[in-house]
Amino acid sequence: MVSGSENGNVLVDSGHTRLNELGYKQELKRDLSVVSNFAFSFSIISVLTGVTTLYNTGLNYGGPVSLAYGWLIAGAFTMFVGLSMSEICSSYPTSGGLYYWSAKLAGPGWAPFASWITGWFNIVGQWAVTTSIDFSLAQMIQVIILLSTGGKTGGGYEASKYVVIGIHGGILLLHAIINSLPISWLSLFGQLAAAWNLVGVFVLMILIPCVATERASAKFVFTHFNTDNGEGINNKVYIFVLGLLMSQYTLTGYDASAHMVIALFFSSLHCQATEETKSADKNGPRGIISSIGISVIVGWGYILGVTFAVTNIPFLLDTNNDAGGYAIAEIFYLAFKSRYGNGVGGIICLGVVAVAIFFCGMSSVTSNSRMVYAFSRDGAMPFSSVWHKVNNQEVPINAVWLSVFISFCMALTSLGSLVAFQAMVSIATIGLYIAYALPIFFRVTLARKSFIPGPFNLGRYGILVGWVSVLWVATISILFSLPVAYPITNETLNYTPVAVGCLLFLIISSWIFSARHWFRGPITNISA
């Protein structure tokens, strides 16, 4: 929908008008509706991706209680973050999203530094998200091949780490090709992805517990707390906190609407530029809120549906089972095998999840490239003039291929050590939420009195919601940096604070020794 004011006989897009007021001319094609915007964000959040790939974490740390209640807790606080971001997005609908917001909200004195630190946390976090999503898909494909060739107990084929990284590279290549297509095609793929995720999650949440010959009781699903994690951790509060990781990781990517302003995910929570969305100042916030809300509801249903098919937690987590310890794959496989004598149906269900993960990665690359485009437009990246170029279809094609290349390089750490790889992708959760929290923090502090709300605003509750959001991000940043196993060794140490600390050190150092002399924050181009 294109809403705005009449200018003669021409109806002016309100987001386009607001973009001009902020000093930017329109360069990316504004061809994404509120439905398309929602589709991209929902595809990035993708409950099928996050819940399926991290179900082992929730099952190991707390089990059903952590899964069921942890999801609702994380969802509630994520909605606070989403509401705060929506309010800011409505006021500043540009493809720069977070880093532009920080610059405007921090004020002239702090704008360059605020923009620099927010932008780099955001962009590196997004690259880490893409790395994590596509590597998870490569692992999923490896498990599907394993089960299709007889399973681990039947001598099935187990791909080496080199085969997995090769699959990962192939997936990224496909995502780069798709993201090189015109925005109208991306919009179509985004809507298909949202439909696939929505239908797929409903089918699986109903099908799996119905097919399973053995089902858990409601008491087990809602009250059983698993303390047998084999990691030397016995404190129930500590265990529950670690179980929250699955939920909080899944609920990232919703800033995709801030980058594409189409309509939002269920993140990283993260799609196209706000500048590519019609009436971005209205549809961006709608996308963020709707994608989070629907993802929380649908995701909870999926978690419950799968958990009702759980009867033996230690066996599902055992690396010697047919799926090699991939809990949800084993649940799907056993559900069909126990009823029909073979697990073909379960493998098909895993295929449904694999397609959803593929779409999630596709949308993540879209979001990455729009962030690279916006950041380079303002001269913040090396060789910015290269990454800022758009082709004849108005697609930032160089930014697309750069994002894919960096994501592949990040995944190469898995060849050396999975510990190093996990540290790398930990930036996906902590780094992104830091980027989310910074503009909100500036909104409730430095810009408390000067903030000019857009069409969507929280009124007098804006400050309260903002502080809740900032405190939640600070809390999870600390919690997810805690050790996940005892005793602490080189293999069990949680390297998240090390990875995030190194990133912070590099960002600050580059600012002190270089960027502070030339980077001035977002650059207006309305006169160009």
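Residues numbered from 1 in each chain as written. Predicted model: local features only at pLDDT ≥ 70, side-chain atom pairs only at ≥ 80, totals over all residues. Heavy atoms only, no water.

As for the overall build of the protein chain
- Looking only at helices and strands, the protein chain has 21 helices and two strands in total.
- For the protein chain, with 528 residues in total, the buried portion stands at 60%. (Helix = DSSP H or I, 4+ residues; strand = E, 2+ residues; numbered from the N terminus. Buried < 20%, exposed > 50% of the residue type's maximum accessible area, 1.4 Å probe, protein only.)

Considering the nonpolar core
- In terms of nonpolar packing, the biggest core is built from 140 residues, with Tyr55, Tyr302 and Phe332 touching the most fellow members.
- Counting residues per element, this core draws most heavily on helix α6 (residues 111-148), at 18 residues.
- With residues near it in sequence (within four places) discarded, tyrosine 302 still touches Val47, Leu48, Val51, Thr52, Val201, Leu204, Met205, Ile328, Phe332 and Val353. (Core = buried A, V, L, I, M, F, W, Y, C linked by side-chain atoms within 4.5 Å. Contact = heavy atoms within 4.5 Å.)

Observations concerning helix α14 (residues 327-340)
- Between its terminal C-alpha atoms α14 stretches 20 Å, which fits the 20 Å expected from 14 residues at 1.5 Å a residue.
- Taken as a whole, α14 has its buried residues at Ala327, Ile328, Ala329, Glu330, Ile331, Phe332, Tyr333, Ala335 and Phe336.
- Looking one or two places after α14, you find glycine 341, whose phi comes out positive at around 90 degrees. (Expected span 1.5 Å × (residues − 1).)

Considerations on the packing of α6 against helix α17 (residues 397-411)
- It is the contact of α6 with α17, at a shortest axis distance of 9 Å, that shows an interaxial angle of 65 degrees. The angle between α6 and α17 falls in the class roughly perpendicular. Helix-helix and strand crossings are classified by hand; for α6 and α17 the assignment is right-handed. Across the interface between the two elements, Val124, Trp127, Ala128, Thr130, Thr131 and Phe135 from α6 touch Ser403, Ile406, Ser407, Met410 and Ala411 from α17.
- Split into classes, the residues belonging to the contact of α6 with α17 amount to seven nonpolar, four polar and no charged. (Axes fitted to C-alpha atoms, helices over the stretch in contact; angles between N-to-C directions. Parallel < 35°, antiparallel > 145°, perpendicular 65-115°, else oblique. Left-handed = near helix turned anticlockwise from the far one by under 90°. Nonpolar A, V, L, I, M, F, W, Y, C, P; charged D, E, K, R; others polar.)

Re the packing of helix α19 (residues 418-444) against helix α20 (residues 462-479)
- Where α19 contacts α20, the two axes come as close as 9 Å, and the packing angle between them is 150 degrees. By the angle class used here, α19 and α20 are roughly antiparallel. Our pair here, α19 against α20, has a crossing hand that is left-handed. Between α19 and α20, the contacting residues are Ile430, Tyr433, Ile434, Ala437, Ile440, Phe441, Arg443 and Val444 on the first element and Gly462, Ile463, Gly466, Trp467, Ser469, Val470, Val473, Ile476 and Ser477 on the second.
- Of the residues assigned to the contact of α19 with α20, the class counts are twelve nonpolar, four polar and one charged.

Let's talk about a nonpolar patch on the surface
- Taken together, the side chains of Leu198, Val199, Phe202, Val203, Leu207 and Ile294 make up a nonpolar region of the molecular surface, amounting to roughly 440 Å² of accessible area.
- Here leucine 207 is to be found in helix α8 (residues 183-211).
- Exposure remark for leucine 207: the relative accessible area of 31% places this residue in the partly exposed category. (Patch = residues over 30% accessible without salt bridge, like charges linked within 9 Å, V, L, I, M, F, W, Y side chains within 5 Å. Areas by Shrake-Rupley, 256 points an atom, 1.4 Å probe, with all protein chains shown as cover. Salt bridge = Lys/Arg side-chain N within 4 Å of Asp/Glu carboxyl O.)

Notes on unusual backbone geometry
- Even without being glycine, phenylalanine 383 reaches a positive phi, approximately 55 degrees.
- Classification of phenylalanine 383 by relative accessible area gives exposed; the value is 63%.

A closer look at the packing of aromatic side chains
- Going through the model one piece at a time under the given rule, you end up with 17 aromatic pairs.
- Between tyrosine 433 and tyrosine 436, the ring centres sit 5.0 Å apart and the planes meet at 70 degrees, which makes this aromatic pair edge-to-face. Of this pair, tyrosine 433 and tyrosine 436 both sit in helix α19, three residues apart, roughly one helical turn. Each member of the pair tyrosine 433 and tyrosine 436 is classed as buried. (Phe/Tyr/Trp six-rings, centres within 6.5 Å; stacked < 30°, edge-to-face > 60°.)

A short note on the pattern of salt bridges
- Applying the stated criterion across every chain, the model contains one salt bridge.
- Of the charged contacts, one joins arginine 443 and glutamate 87 as a salt bridge, the two residues approaching to 3.3 Å between their closest N and O atoms.
- Relative accessible area serves as the criterion here: at 7%, arginine 443 is assigned to the buried category.
- You can call glutamate 87 buried: its relative accessible area is 3%.

Digging into the environment of glycine 119
- Mapped onto the elements of the fold, glycine 119 is located in helix α6.
- Residues glycine 119 and glycine 97 lie 22 residues apart in sequence; the distance between their C-alpha atoms is 8.9 Å.
- If we skip the residues at most four places from it in the chain, glycine 119 touches Tyr99, Met371 and Phe375.

Here we look at the environment of leucine 458
- Mapped onto the elements, leucine 458 comes out in the loop between α19 and α20.
- The class of leucine 458 is buried, set by a relative accessible area of 17%.
- When residues no more than four places from it in sequence are discounted, the contact partners of leucine 458 are Leu83, Ser84, Glu87 and Val465.

Brief notes about α19
- An ideal rise of 1.5 Å per residue puts 39 Å on 27 residues; α19 measures up with 39 Å between its terminal C-alpha atoms.
- At threonine 429, α19 shows its largest bend, some 30 degrees.
- Within α19, 22 of the 27 residues are buried, which leaves the element mostly enclosed by the surrounding structure. (Bend = angle between axes of the 7 residues up to and from the residue.)

Details of the confidence of the model for the protein chain
- Across the protein chain, the average pLDDT comes to 82, with 83% of residues at or above 70.
- Between residues 1-13, whose pLDDT stays under 50, and residues either more than four places distant or in other chains, the model counts 27 contacts.
- Ignoring residues within four places in sequence, the model shows residues 26-32, a span with pLDDT below 50, making 45 contacts including any to other chains. (pLDDT = per-residue confidence, 0-100.)

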